Amino acid sequence: AFLPRINMMLPIVTYPDKRLKLISKPVTAFNEELHTFLDDMYETMIKTNGIGLAAIQVDRPIQVLIINLPNDDEEGLQDKANLLEIINPELTYSEGTTSYQEGCLSVPKFYEDVERFEKIAITYQDRHGNACSLEADELLSIAVQHEMDHLQGRLFIEKLSYSRRKKFEKEYKKLLKEKKR
Ligand code: Y12
Ligand code: CO
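Residues numbered from 1 in each chain as written. Chains lettered and ligands numbered in written order. Predicted model: local features only at pLDDT ≥ 70, side-chain atom pairs only at ≥ 80, totals over all residues. Heavy atoms only, no water.

*Asks:* Would you mind showing me how to read the pairing of strand β5 (residues 131–136) here?
*Replies:* As a general feature of sheets, a regular strand has side chains that alternate between the two faces. Two strands pair when backbone bridges link them, and strand β4 (residues 112–125) and β5 are joined in this way by six bridges, in the antiparallel orientation. Bridged to Tyr-124 within β5 is Cys-132. Between β4 and β5, which pair antiparallel one after the other, the connecting turn spans five residues, and Gly-129 there sits at a positive phi close to 90°. (Pairing = 2+ DSSP bridges. Helix = DSSP H or I, 4+ residues; strand = E, 2+ residues; numbered from the N terminus.)

*Asks:* I tried to follow helix α2 (residues 138–151) on my own but got confused; where do I start?
*Replies:* Structural remark: α-helix, 3.6 residues per turn; residues separated by three or four positions point the same way. Between its terminal C-alpha atoms α2 stretches 21 Å, which fits the 20 Å expected from 14 residues at 1.5 Å a residue. Taken across its 14 residues, α2 has twelve buried, putting it largely inside the fold. For α2, the set of buried residues is Leu-140, Ser-141, Ile-142, Ala-143, Val-144, Gln-145, His-146, Glu-147, Met-148, Asp-149, His-150 and Leu-151. Elements in contact with the buried residues of α2: β1 (52–54), β2 (64–67), β3 (84–102), β4 and β5. Two residues or fewer past α2, Gly-153 is found with a positive phi of approximately 75°. (Expected span 1.5 Å × (residues − 1). Buried < 20%, exposed > 50% of the residue type's maximum accessible area, 1.4 Å probe, protein only. Contact = heavy atoms within 4.5 Å.)

*Asks:* Would you take a moment to explain the side chain of Asp-149 for this structure?
*Replies:* Positionally, Asp-149 belongs in helix α2. Sequence-distant contacts of Asp-149, defined by excluding residues within four places in its chain, comprise Arg-116, Arg-154 and Lys-159.

Right, dumping it as C-alpha cells:
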C-alpha cells in the first residue's frame with residue numbers, strides 16, 4: 001500500500017570533517033530505501049538553499065548526487081521537474097576549461113573561483129537503475145563536476161591556488177571561531 005511519508009532534513013557534514021574525504025561506493029540496490037534517501041536528500045538541499053548535494057555530505061558514502069538548478073528566468077525558482085538524480089556516474093567526455101565562483105553546503109559562507117572543464121558528458125543510472133547519459137555545459141557542467149568530485153572525497157577548496165587556499169584557511173578558521181562563541 002502507498003503510505004505518505006514526511007521527508008526528513010538530514011544533518012550536513014561540514015569541513016574539516018574527515019568523513020568528506022571518503023571515497024563513495026557504487027550503488028547496487030535500487031530499492032525503496034534508496035528512494036526514501038533520495039527524497040530526504042532533496043528536502044535537505046532545498047531547505048538549505050542548495051543547488052547540488054552529494055550523499056557523502058549527509059554522511060552516506062555512496063555514489064549518489066542530486067542537482068536542481070534555478071530556472072533561467074527572473075524568479076530563478078527551482079523547478080522540481082528539472083531535478084537530476086545521478087547514481088554511479090562516469091565521465092565519458094570533457095572539453096575546454098571555464099571558471100566559476102563556487103560554493104558548497106559543506107563549506108558554508110565561502111565562495112571562490114574554481115577551474116573546471118567547460119563541457120562534459122557522463123553516463124549514470126537513475127533511481128530505478130536505468131542507464132542514462134547526459135551532456136552538460138555552462139552551470140550544469142560545473143555542478144556535475146563539483147558533485148562528482150565529492151564522490152572521490154574531493155572538495156572545491158582543494159582546487160584553489162596556494163594563495164587562495166591560504167586565504168580560505170584564514171577566513172574559515174575565523175568563521176569557525178565565531179560560530180563557537
Ligand atoms: C556551481 C557551483 C557549485 C555547485 C555545487 C552546489 N553548491 C551549493 O548548492 C551551495 C549552496 C550554498 C548554500 C548556502 O546557503 C545556505 O546555507 C542557507 C550557502 O550560504 C551559507 O552557507 C551562508 C553556501 C552554499 C553547483 C554549481
Ligand atoms: Co559541495
